[in-house]
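Structure at a glance
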Amino acid sequence: MNTAGHSEATAPRGLELTPFRGLRYDPDRVGSLAAVTSPPYDVVVRPDGLHQLQDADPHNIVRLILPQATTPGARNEQAAATLRHWLSEGVLTADPEPALYVYEQHHHADGILQRGVIGTLRVSEPSVGVVLPHEDVMPHIVADRAALMRATYANLEPLLLTYRGNGTAAEVVERTAERTPLLSTTTEDGFSHRLWSVTDPAEVARVQAELSHHQALIADGHHRWATYRRLRAEHPSPSPWDHGLVLLVDTARYPLRVRAIHRLLHGLPVAEALAAVEGLFRVRRLETPLPEALDALADAACAGNAFLLAGDGAFHLLDRPDPALLARTVPTDRPHAWRTLDATVLHATLLDHVWHIPEDDPTRIAYIHDTAATVEKAQRDGGTAVLLHPVREEVVRDLARQGVTMPRKSTSFGPKPASGLVLRALDI
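Each value, and the rule that gives it
The residue numbering used here restarts from 1 in each chain and proceeds along that chain's sequence as written. Side-chain atom pairs in this predicted model are given and counted only at pLDDT of 80 or more, local residue features only at pLDDT of at least 70, and totals for whole chains, interfaces and linings cover all residues. Excluded from the side-chain calculation are hydrogens and water; included are all heavy atoms of the structure. For helices the rule is a DSSP run of H or I covering at least 4 residues; for strands it is a run of E covering at least 2, with both sets numbered from the N terminus onward. Values of the radius of gyration come from C-alpha atoms, whereas the globule rule sets the reference at 2.2 Å times the count of residues to the power 0.38. Exposure categories follow from relative accessible area, calculated using a 1.4 Å probe and restricted to protein chains: below 20% of the type maximum is buried, above 50% is exposed, and the middle band is partly exposed. Note on contacts: a residue pair is in contact if any heavy atoms of the two residues lie within 4.5 Å. Cavity and pocket criteria rest on a 1 Å grid covering protein atoms alone: a 1.4 Å probe that fits but cannot get out defines a cavity, protein on both sides within 12 Å along at least 5 of 7 lines defines an open pocket, and an atom within 4 Å of a point defines a lining residue. Grid points are joined across faces, edges and corners, and a volume is the space filled by probe spheres set on the points. As a per-residue measure, pLDDT reflects the predictor's confidence and takes values from 0 up to 100. One bridge is not enough; two strands pair if DSSP finds at least two bridges between them. The axes are straight lines fitted to the C-alpha atoms, using for helices just the contacting stretch, and the angles between their N-to-C directions are given from 0 to 180°. By convention in these notes, a salt bridge is any Lys or Arg side-chain nitrogen within 4 Å of a carboxyl oxygen on Asp or Glu. What a helix should span is 1.5 Å times the count of its residues minus one.

The next subject is the overall build of the chain. In terms of helices and strands, the chain carries 15 helices and 21 strands. Taking 22 Å as the expected radius of gyration for a compact globule of 428 residues, we find that the chain reaches 22 Å, a close match to that expectation. Looking at the chain residue by residue over its 428 residues, the buried ones come to 55%. Of the contacts made within the chain by residues no fewer than 6 positions apart, 79% connect residues no fewer than 24 positions apart.

With the rule as written, the count across this model stands at four cavities of 30 Å³ or more. Estimated volume of the largest cavity: approximately 110 Å³. Taken together, 13 residues make up the lining of the largest cavity; nearest its centre are Asp-42, Asp-220, Gly-221, His-222 and Lys-409. Only strand 11 (216-220) and helix 8 (222-234) provide two or more residues apiece to the lining of the largest cavity.

What follows concerns the confidence of the model for the chain. Per-residue pLDDT for the chain has a mean of 92; in total, 94% of the residues score no lower than 70. Ignoring residues within four places in sequence, the model shows residues 1-12, a span with pLDDT below 50, making 22 contacts including any to other chains.

The next thing to look at is the pairing of strand 14 (residues 262-265). Taking every second residue as pointing to the same face, both faces of strand 14 are buried, with His-262 and Leu-264 on one and Arg-263 and Leu-265 on the other. Where strand 14 and strand 18 (residues 365-368) come together, four bridges link them in antiparallel fashion. Paired with Arg-263 across the strands is Tyr-367, a residue of strand 18.

Before going further, it helps to examine the sheet that holds strand 18. Sheet strands line up and pair through hydrogen bonds in the backbone, either parallel or antiparallel. Strand order in the open sheet formed by six strands is 15-17-16-19-14-18, with antiparallel pairing between adjacent strands. At either end of the open sheet lies a strand with only one pairing partner, and these are strand 15 (282-286) and strand 18. Across the sheet, the mean angle separating the axes of adjacent strands is 25° when strand polarity is ignored. Here strand 15 runs beside strand 17 (residues 315-319); their pairing, made up of five bridges, is antiparallel. Of the residues in strand 17, the one forming a bridge with Arg-284 is Leu-317. Contacts from helix 10 (residues 290-303) reach strand 15, strand 16 (306-310), strand 17 and strand 19 (384-387) within the one sheet, and its direction differs from that of strand 16 by about 155°.

Here the focus is the pattern of salt bridges. Counting across every chain of the model gives 22 salt bridges. Glu-104 is paired through a salt bridge with Arg-115; the nearest N and O atoms lie 2.7 Å apart. With a gap of eleven residues between them, Glu-104 in strand 4 (residues 100-107) and Arg-115 in strand 5 (residues 112-122) connect regions that are remote in the sequence. We note that Glu-104, like Arg-115, is buried. The shortest N-O distance in the salt bridge between Arg-380 and Asp-381 comes to 3.9 Å. We classify Arg-380 as exposed; its relative accessible area is 53%. Salt bridges sharing common partners tie together Glu-104, Arg-115, Glu-174, Arg-194 and Arg-253.

Below, the discussion takes up helix 10. Along its 14 residues, helix 10 runs 21 Å from first to last C-alpha, staying within 8% of the 20 Å computed at 1.5 Å per residue. Listed in full, the buried residues belonging to helix 10 are Ala-293, Leu-297, Ala-298 and Ala-300. The secondary structure elements touched by the buried residues of helix 10 are strand 15, strand 16, strand 17 and strand 19.

In structure tokens form, the structure reads like this:
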């Protein structure tokens, strides 16, 4: 990869966040702001969720982040043409001056309140230690996202980063949230979303000063961050690709939820999956509803590696793996905390050694955030759902600080920012 023109010796010691002119929907040109938003591109469950979102409003953001056409090139050109059309019609308009944006998500029933700052962050390599990845990425997804960003010349949705601050930036966030927001909407999942702009130079400077002393953990958006790095390397600096759109959340003030990402194994019936693990794991059939089965998984995970298989109308709890099996299948060149992760054992032992399923073959495996949807799809398609118990945030952060990445799609931090509330065009 060409990195000419990008000297890491001049990279900032900490996070360097910059205001930008956000692109936002004109509320008078769309049915409702809620109807044009979407979860991040990799959370939309295809094709059900995609079709539902497309039908919600002709201007829904999925038409940009997940364009539908027969070839990748056609999809990307379609997204670029759609974006140009919406800009020319005034469906999307640029704010008059550069700003940082305070973004709030609030779920009243669950008592969840999350606030953070959206801006463009200087892109850096993991070796610099400013932005810490904790998961590996799949090259074909990075290539796909890069092609879409090149075609649209835009960052269409912010990725989610966390840091531990609780200082000056948080005070600016709190003060800003007392003002009248630029927009306010409530989505079908019960979350209310509010957005404010911060344009006062003194307030912007306070946020920037504190962030410059911190590093961040990628909570959601590893593939988009890898895409930012690829596009930055392709363009001699200075260029708009030196920065990428992010949401930064101070988890000392607003802790995130950490959930597991589940696997759907195509073409592997549950009976075959169970036959292959016979004698290698303890297997127990659970004739219980999903919530109780997940409770049993949580209890088993406290004692060691455990997984829940589904797809045949029942749940099957796998735990107590054969120590000799783990010894010969799990790599020994990583820390103990990594070797004992459920995701590590799933990929190194079950997928690679027992079931022989490539982790990056989309015809064999899908990664799904929604637990019930994973089970339903397995039952409908005759495949196997593999449900995991979430890992703790401190384990993720400790491994990231050691430079150790977890297996792909190991965690799901949330709540995730809704796509469609603020976009970044690189030429505005």
